[in-house]
Amino acid sequence: MLAFEQIPKPIPASIAHSAELAYLVNLAGEGLPYYLWSQIAEPGESPFEVGRQRACRESGGFSYRHAWVIEQEQKAVSAIVGYPLQHEETESETDATSPIAPLLELEALAGASWYVNVLATFKDFRCQGMGSLLLNHVEQLAIDSGCRDMSLIVSSNNTSARKLYQSLGYQTRACRPSIPFPDSGSIGEWELMMKAL
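Residues numbered from 1 in each chain as written. Predicted model: local features only at pLDDT ≥ 70, side-chain atom pairs only at ≥ 80, totals over all residues. Heavy atoms only, no water.

Student: Which residues make up the overall build of the protein, and what values go with them?
Tutor: The secondary structure content of the protein amounts to 6 helices and 7 strands. For the protein, the sequential pattern of α-helices and β-strands runs β-α-α-α-β-β-α-β-α-β-α-β-β. The C-alpha atoms of the protein give 16 Å as radius of gyration, which agrees with the globular expectation for 197 residues (16 Å, within 12%). C-alpha extents for the protein along the principal axes are approximately 45 × 40 × 30 Å. The 197 residues of the protein split such that 42% are buried. Taking the contacts inside the protein whose residues are at least 6 apart along the sequence as the reference set, 71% of them involve residues at least 24 apart. Working note: accessible area of the protein is about 10700 Å², and carbon and sulfur atoms make up 50% of it. (Helix = DSSP H or I, 4+ residues; strand = E, 2+ residues; numbered from the N terminus. Rg over C-alpha atoms; globule rule 2.2 N^0.38 Å. Buried < 20%, exposed > 50% of the residue type's maximum accessible area, 1.4 Å probe, protein only. Contact = heavy atoms within 4.5 Å. Areas by Shrake-Rupley, 256 points an atom, 1.4 Å probe, with all protein chains shown as cover.)

Student: Could you give an account of the sheet that holds strand E3 (residues 75-84), naming the residues involved and the relevant values?
Tutor: The sheet built from 7 strands is open, its strands ordered E1-E2-E3-E4-E5-E7-E6 with mixed pairing. Unpaired on one side and paired on the other, strand E1 (11-12) and strand E6 (171-177) mark the two borders of the sheet. Strand direction decides the pairing type here: E3 and strand E4 (residues 114-121), joined by 7 bridges, are antiparallel. Each bridged residue has a counterpart across the sheet, and for Val 81 the counterpart in E4 is Val 118. Docked against the sheet, helix H4 (residues 101-108) engages E4, strand E5 (149-155), E6 and strand E7 (189-196), running at close to 150 degrees with respect to E6. (Pairing = 2+ DSSP bridges. Axes fitted to C-alpha atoms, helices over the stretch in contact; angles between N-to-C directions.)

Student: Which residues make up the packing of aromatic side chains, and what are the values?
Tutor: Counted by the stated rule, this structure contains 8 aromatic pairs. Residues Trp 37 and Phe 62 carry aromatic rings whose centres are separated by 6.3 Å and whose planes lie at 20 degrees to one another, so their mutual orientation is stacked. Taken as a pair, Trp 37 in helix H2 (residues 32-40) and Phe 62 in the loop between helix H3 (47-55) and strand E2 (67-72) lie far apart in primary sequence, 25 residues in all. The two residues Trp 37 and Phe 62 agree in class, both being buried. Ring pairs connect the aromatic residues Tyr 23, Tyr 34, Trp 37, Phe 48, Phe 62 and Phe 122, which therefore count as one cluster. (Phe/Tyr/Trp six-rings, centres within 6.5 Å; stacked < 30°, edge-to-face > 60°.)

Student: Any chance you could break down unusual backbone geometry for me, citing the residues and the numbers?
Tutor: Positive phi is not limited to glycine here, since Cys 127 has a value of about 65 degrees. Mapped onto the secondary structure, Cys 127 falls in the loop between E4 and helix H5 (130-145). Here Asp 183, not a glycine, exhibits a phi torsion of approximately 65 degrees, which is positive. Counting through the fold element by element, Asp 183 comes out in the loop between E6 and E7.

Student: Explain the side chain of Ser 155 residue by residue, including any values.
Tutor: If you trace the backbone, Ser 155 turns up in strand E5. A distance of 3.1 Å separates the side chain of Ser 155 from the backbone nitrogen of Asn 157, its partner in a polar contact. When residues no more than four places from it in sequence are discounted, the contact partners of Ser 155 are Glu 30, Arg 162, Ile 187, Glu 189 and Trp 190. (Polar contact = N/O pair within 3.5 Å; in protein donor to acceptor, adjacent residues only side chain to side chain.)

Don't take any of this as a statement about function, it's just geometry.
Rendered as structure tokens:
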């Protein structure tokens, strides 16, 4: 275990981190990303390969260009994906019964905030302060970009993540029931948490 002062500084993610990013995105998303990727995977293609390819994109919410990582031995062991939200006045084409629908509803309530899409750490590297370090890093980026609020969505059953966010000043603003999907387990509700900068 590293002491807090020994944790490497966050660095911008690169395409070389795409496999780790896909895994961490799925961790943060309580398995929902894997389910969604499995719906678009080609025959014989792993859902994680779909996620890896999406991480390699130059644009889109889940892109290495919106990610910062903490490395150990040249591998990303903790990552954050975030960006300023820009809502367009268009009708949603998402089916109301889709498991992603409550997440999109909550995201729409976050306004013009800096949205933390993903924050996750590999199990062996948790409880070392990496999540706090990454959040502080993007909060400064948000301030520099002119955003006045931070936002994120978390499962109500993810007590350790919620405790971290609350300790850093995030408060629950809205909740939506989760919609079950195969192997979803007990997510509880999805919570929109926000923090004024």
